[in-house]
Amino acid sequence: GGRIIGEVCHFIDLLQYLAGAPPVYLFAESISARSSKIVDADSVIITMRFADGSNGSVAYLSEGDKGLAKERVEIFGGGRVFVLDDFRRATLYRDGREEQVGLKTQDKGQQEQVRVVCASVLKGGAAPISYDELAATTRATFRVLDSLRERRPFEI
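Residues numbered from 1 in each chain as written. Predicted model: local features only at pLDDT ≥ 70, side-chain atom pairs only at ≥ 80, totals over all residues. Heavy atoms only, no water.

Colleague: Which parts of the structure should I look at to understand the overall build of the protein chain?
Modeller: Looking only at helices and strands, the protein chain has 3 helices and 8 strands in total. Traced from its N-terminal end to its C-terminal end, the protein chain shows the element sequence α-β-β-β-β-β-β-β-α-α-β. In the protein chain, once contacts between residues fewer than 6 apart in sequence are set aside, the share between residues at least 24 apart is 43%. Accessible surface computed for the protein chain: about 11,000 Å², of which carbon and sulfur atoms make up 52%. (Helix = DSSP H or I, 4+ residues; strand = E, 2+ residues; numbered from the N terminus. Contact = heavy atoms within 4.5 Å. Areas by Shrake-Rupley, 256 points an atom, 1.4 Å probe, with all protein chains shown as cover.)

Written as structure tokens, this is what we have:
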């Protein structure tokens, strides 16, 4: 399924989690490198609208320099900005001030995810992520491919 199905889906899922609402609309575009060395669909910009009215975007870009941090999350809301760089450093901007938080280790949540899923299975509890959320992420991921192919926005 390529990078969109295998990797971009995680960023769509993260945006859905941060918004606290399912995605309802998206548009995606890829670069047009016109080069056999670059796969256009490996560099995409996706804009999404969520059911609560919030918006999010994913810039998944493969042709950058390896010296730059791999992943960056920026959240704007309530007069504040929160920036997470490569899951190693966090910065909060509020009231005209910058607060830096150094994280002890890079933590993308994989260990906690495995722990929670195993506990759910062993104890017979509810799934940590609802079926509806999983389905919404999957639908949105496939709509990214549709949007790239048809060069138009899609409702989800």
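Here the narrative resumes, following the displayed structure.
Colleague: So what exactly am I meant to see when it comes to unusual backbone geometry here?
Modeller: Most peptide bonds adopt trans geometry, and most residues besides glycine take a negative phi value. The phi angle at Asp86 is positive, at roughly 55 degrees, despite the residue not being glycine. Mapped onto the elements, Asp86 comes out in the loop between strand 5 (80-85) and strand 6 (89-94). Look at Phe87: it is not a glycine, yet its phi comes out positive at around 55 degrees. Following the sequence through the fold, Phe87 ends up in the loop between strand 5 and strand 6.

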